[in-house]
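Coordinate inspection notes
The primary structure of each chain is shown beneath.
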Amino acid sequence: MKALAVTETAYLVGLVRRAQQNDSDAFAELYTLTYERQYAFACRYLRDERLAQDALQEAYIVVYQGLPGLREPKCFTTWLRSIIQRICYDMAGKRRRQPAGMQAEQLDLLPDELADPDRVNEIGEMRDLVNRLPYRERQAIIMRYFAEMELRDIAQAMDCSVSSVTRYLRRGYETLRGDYKRGG
């Protein structure tokens, strides 16, 4: 996530402080200024526009309710992102309980439009292998390598430590590498 310019940060801090004092116009402007970037993140994570909209609706309700308790207004965008990540993670977890293993939004995160058409079978095999990973390892692999999330952000989304994320990634990678070498 690109850092905001100092003047943009100061402006956001001012909006947050006004919104914390029940200024609905300030909250509406915060929403307007942050929605597009957060929606893009949720779409990338969930791979479903309607789910992303639901996630953001839920997130902004949580933000509205929790805003008075935010001690550091300059941390608003980080706080907002962590709420959205958690909600997206929870939504993905609910969907994981549906049959068929890896869900469509996760499959779509895997690159299947590579320039080399000879790799189509290889991609299908990789999808099958990722689908077989335990849930935590699968989620960490998808968030890191296909949603291109930072370790710290993955840890927040998965509600665990960065070292746990690193462990999930290492185990997942080792399992994938071993299974791939054995031919599935």
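Residues numbered from 1 in each chain as written. Predicted model: local features only at pLDDT ≥ 70, side-chain atom pairs only at ≥ 80, totals over all residues. Heavy atoms only, no water.

1. Considering the overall build of the protein
Per the secondary structure count, the protein includes 9 helices and 0 strands. Along the protein, helices and strands appear, N-terminal first, in the series α-α-α-α-α-α-α-α-α. For the protein, with 184 residues in total, the buried portion stands at 41%. Look at the contacts in the protein between residues 6 or more apart in sequence, and 63% of them connect residues 24 or more apart. (Helix = DSSP H or I, 4+ residues; strand = E, 2+ residues; numbered from the N terminus. Buried < 20%, exposed > 50% of the residue type's maximum accessible area, 1.4 Å probe, protein only. Contact = heavy atoms within 4.5 Å.)

2. Here's the deal with the side chain of Gln 20
Turning to its location among the elements, Gln 20 is positioned in helix H1 (residues 6–20). In this view, Gln 20 contacts Leu 67, Pro 68, Leu 70 and Pro 73; residues no more than four positions away in its chain are not counted.

3. Here we look at the pattern of salt bridges
Going through the model one piece at a time under the given rule, you end up with 3 salt bridges. With a shortest N-O distance of 3.0 Å, Asp 23 and Arg 18 are connected by a salt bridge. Taking relative accessible area as the criterion, Asp 23 reaches 24% and is therefore assigned partly exposed. Given a relative accessible area of 38%, Arg 18 falls into the partly exposed group. (Salt bridge = Lys/Arg side-chain N within 4 Å of Asp/Glu carboxyl O.)

4. A short note on the state of the cysteines
Per the stated rule, a full pass over the model turns up 0 disulfides. Note on Cys 43: no disulfide assigned, nearest cysteine sulfur contributed by Cys 88 at a separation of 9.0 Å. (Disulfide = S-S within 2.5 Å.)

5. A few points about the packing of aromatic side chains
On inspection of all chains with the given rule, the structure shows 8 aromatic pairs. Through pairs of rings, three or more aromatic residues link up here, namely Tyr 31, Tyr 35, Tyr 39 and Tyr 60. Sitting above the plane of the Phe 41 ring, Arg 81 keeps its charged end 4.2 Å from the centroid. (Phe/Tyr/Trp six-rings, centres within 6.5 Å; stacked < 30°, edge-to-face > 60°. Lys NZ or Arg CZ within 6 Å of the ring centre and 35° of its normal.)

6. Re the confidence of the model for the protein
The predicted coordinates should not be examined in detail at positions where pLDDT is low. Scored by pLDDT, the protein has a mean of 79; 76% of the residues are at 70 or more. Below a pLDDT of 50 lies the segment residues 97–117, which in the model reaches 34 contacts outside its immediate sequence neighbourhood of four places, other chains included. (pLDDT = per-residue confidence, 0-100.)

7. Details of the nonpolar core
Ranked by size, the top nonpolar core spans 48 residues in total, and within it Tyr 45, Leu 46, Phe 76, Ile 84 and Met 143 carry the most contacts. Of all the secondary structure elements, the ones that give two or more residues to this core are H1, helix H2 (24–46), helix H3 (49–66), helix H4 (76–96), helix H6 (120–132), helix H7 (135–146), helix H8 (151–158) and helix H9 (162–182). (Core = buried A, V, L, I, M, F, W, Y, C linked by side-chain atoms within 4.5 Å.)

8. Observations concerning unusual backbone geometry
With a phi close to 70 degrees, Asn 22 is a non-glycine residue in the positive phi region. Its place among the elements puts Asn 22 in the loop between H1 and H2. Using a relative accessible area of 66% as the deciding quantity, one classes Asn 22 as exposed. Positive phi values are uncommon outside glycine, yet Arg 47 reaches one of about 55 degrees. Examined against the element boundaries, Arg 47 turns out to sit in the loop between H2 and H3. Of the residues examined, Arg 47 reaches a relative accessible area of 38% and is grouped as partly exposed.

9. Quick word on the side chain of Gln 38
Residue position: Gln 38 is located in helix H2. With residues near it in sequence (within four places) discarded, Gln 38 still touches Leu 56, Tyr 60, Leu 80, Arg 81 and Ile 84.

10. Things to note about the packing of H2 against H3
It is at 9 Å that the axes of H2 and H3 come closest, and there the two elements cross at 140 degrees. Of the possible angle classes, the one that applies to H2 and H3 is oblique. Seen along the crossing, H2 lies across H3 with a hand that is right-handed. Contacts between H2 and H3 pair Phe 27, Tyr 31, Thr 34, Tyr 35, Gln 38, Tyr 39, Ala 42, Cys 43 and Leu 46 from the former with Glu 49, Leu 51, Ala 52, Gln 53, Ala 55, Leu 56, Tyr 60, Val 63 and Tyr 64 from the latter. Looking at the contact of H2 with H3 residue by residue, the classes come out as 14 nonpolar, 3 polar and 1 charged. (Axes fitted to C-alpha atoms, helices over the stretch in contact; angles between N-to-C directions. Parallel < 35°, antiparallel > 145°, perpendicular 65-115°, else oblique. Left-handed = near helix turned anticlockwise from the far one by under 90°. Nonpolar A, V, L, I, M, F, W, Y, C, P; charged D, E, K, R; others polar.)

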